[in-house]
Amino acid sequence: MVNLNFRTMLNKFLLQKIDERFRFFVFLMLKIDVEKFRRIELSLSQKPPYPLSHLPRRMFKIVDYLEHFEVSLLNHLLLEKGLIRGVDFEIYSTPYKKFILTVKPNIKIDETFKILDKIRFLSQAKNYAAKILDEWQVKENLKPGNVDEALYLGYEILKEKNKVLVELCPRCGKRSPNKVYEKIDGENYVVYVRKLCCGYIIRKNVPIKRKI
């Protein structure tokens, strides 16, 4: 019988390692100065909550419910684009441990939001990586490089799943809502997508066999 406390600790450990490596790859991809980013992240963590009723609304775009990492990333990218905090944009902390960004409409702002959307999409791979690592941990001990491998496989699952979700139904040719079911089946991560237009089911297998 598995000790639940041990299982919880293991899951927290895996999630922390996955998040650390995901951040590393984001920094690498966006060529981010890590020390500068950490200073921004620290300053925002010390920011007191702001009365939400006082937020400026006129001529400003508001993006709310931002995570600490997301808002720190936006702050860094906007500064790199030459925008000035307190003039072109401002960040507010909420009592709910989330953040709000207010910005003046600007083409540089739109470009930055597209980057955030991409990072949010890629971050879904972390959930798959956690499931894969949890599966591997049952058989053997975790080794260096396994987190990177699991994140890569998580991205492959995400990519294959998204491809099926956006394509037309192979049977009737319609664009349709989808119902998704996923599971680990042996050495494969299996994604079942049921097209609700006519009930056609697509199965995608992504091999997740652990490299030795």
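This text goes with the structure placed above it.
Here's a quick rundown of the structure.

Criteria and thresholds
- Residues numbered from 1 in each chain as written.
- Predicted model: local features only at pLDDT ≥ 70, side-chain atom pairs only at ≥ 80, totals over all residues.
- Heavy atoms only, no water.
- Salt bridge = Lys/Arg side-chain N within 4 Å of Asp/Glu carboxyl O.
- Helix = DSSP H or I, 4+ residues; strand = E, 2+ residues; numbered from the N terminus.
- Buried < 20%, exposed > 50% of the residue type's maximum accessible area, 1.4 Å probe, protein only.
- Phe/Tyr/Trp six-rings, centres within 6.5 Å; stacked < 30°, edge-to-face > 60°.
- Lys NZ or Arg CZ within 6 Å of the ring centre and 35° of its normal.
- Polar contact = N/O pair within 3.5 Å; in protein donor to acceptor, adjacent residues only side chain to side chain.
- Axes fitted to C-alpha atoms, helices over the stretch in contact; angles between N-to-C directions.
- Parallel < 35°, antiparallel > 145°, perpendicular 65-115°, else oblique.
- Left-handed = near helix turned anticlockwise from the far one by under 90°.
- Contact = heavy atoms within 4.5 Å.
- Nonpolar A, V, L, I, M, F, W, Y, C, P; charged D, E, K, R; others polar.
- Core = buried A, V, L, I, M, F, W, Y, C linked by side-chain atoms within 4.5 Å.
- Pairing = 2+ DSSP bridges.

Quick look at the pattern of salt bridges
Close approach of charged atoms allows side chains of opposite charge to pair.
For step 1, the next point in the chain: What the rule picks out here adds up to 16 salt bridges.
For step 2, the next point in the chain: Notably, a salt bridge pairs lysine 17 with glutamate 20, separated by 3.9 Å at the nearest N-O pair. Residue lysine 17 and its partner glutamate 20 are both found in helix H1 (residues 4–30); the two are separated by 3 residues, about one turn of the helix.
For step 3, the next point in the chain: Looking at lysine 17, the relative accessible area reads 31%, which means it is partly exposed.
For step 4, the next point in the chain: Using a relative accessible area of 39% as the deciding quantity, one classes glutamate 20 as partly exposed.
For step 5, the next point in the chain: A network of salt bridges, in which partner residues are shared, links Asp19, Arg23, Glu41 and Lys126.

With respect to the packing of aromatic side chains
For step 1, the next point in the chain: On inspection of all chains with the given rule, the structure shows 6 aromatic pairs.
For step 2, the next point in the chain: A ring pair is formed by phenylalanine 27 and phenylalanine 69, whose centres lie 6.3 Å apart and whose planes are at 55°; its orientation type is tilted. Of this pair, phenylalanine 27 sits in helix H1 while phenylalanine 69 sits in helix H3 (residues 68–80), placing them 42 residues apart in sequence.
For step 3, the next point in the chain: The exposure class of phenylalanine 27 is buried, given its relative accessible area of 12%.
For step 4, the next point in the chain: Summarising the aromatic geometry, the rings of tyrosine 128 and tyrosine 189 are spaced 5.4 Å apart at their centres and angled 85° between planes, so their arrangement reads as edge-to-face. Of the two residues, tyrosine 128 sits in helix H5 (residues 125–139) while tyrosine 189 sits in strand E5 (residues 188–195), which places them 61 residues apart along the sequence. In this pair, the class of tyrosine 128 matches that of tyrosine 189, namely buried.
For step 5, the next point in the chain: If you follow arginine 21 out to its NZ or CZ, it ends over the ring of phenylalanine 24, 4.5 Å from the centre.

Here we look at the side chain of asparagine 146
For step 1, the next point in the chain: Within the element layout of this structure, asparagine 146 appears in helix H6 (residues 146–166).
For step 2, the next point in the chain: Take asparagine 146: its relative accessible area is 4%, and that puts it in the buried class.
For step 3, the next point in the chain: Here the side chain of asparagine 146 touches arginine 210 through a polar contact of 2.6 Å, side chain to side chain.

Considering the packing of helix H2 (residues 34–45) against H3
Any two packed helices are characterised by the angle at which their axes cross and by the distance between the axes.
For step 1, the next point in the chain: At a closest axis distance of 9 Å, the pairing of H2 and H3 adopts a crossing angle of 125°. It follows that H2 is oblique to H3 by the angle criterion. Here the hand of the crossing between H2 and H3 comes out right-handed. Residue-level contacts link Lys36, Phe37, Ile40, Glu41, Leu44 and Ser45 of H2 to His68, Phe69, Val71, Ser72, Leu73, Asn75, His76, Leu79 and Glu80 of H3.
For step 2, the next point in the chain: Broken down by class, the residue content of the contact of H2 with H3 amounts to 7 nonpolar, 5 polar and 3 charged.

Comments concerning the nonpolar core
For step 1, the next point in the chain: Of all hydrophobic cores here, the largest spans 21 residues; its most connected members are Ile18, Ile132, Leu133 and Ile157.
For step 2, the next point in the chain: Broken down by secondary-structure element, the contributors of at least two residues to this core are H1, H5, H6, E5 and strand E6 (201–207).
For step 3, the next point in the chain: The dominant element in this core, judged by the number of residues it contributes, is H6, at 7 residues.

What about the sheet that holds E5?
For step 1, the next point in the chain: In spatial order, the strands read E4-E5-E6; together these 3 strands make up an open sheet with antiparallel pairing. The outermost strands of the open sheet, each flanked by one partner alone, are strand E4 (178–185) and E6. Ignoring which end each strand starts from, the neighbouring axes of this sheet average 15° apart.

A word on the pairing of E5
For step 1, the next point in the chain: Bridge analysis of E4 against E5 gives 8 bridges, and the strand direction is antiparallel. Bridge assignment links valine 180 to a residue of E5, and that residue is valine 193.
For step 2, the next point in the chain: Between E4 and E5, which pair antiparallel and follow one another directly, the connecting turn spans 2 residues, one of which, glycine 186, has a positive phi of 65°.
For step 3, the next point in the chain: As paired strands, E5 and E6 are joined by 7 bridges and run antiparallel to one another. The partner of tyrosine 192 across the bridge, within E6, is arginine 203.
For step 4, the next point in the chain: Between E5 and E6, which pair antiparallel in sequence order, lie 5 residues; one of them, glycine 199, sits at a positive phi of approximately 85°.

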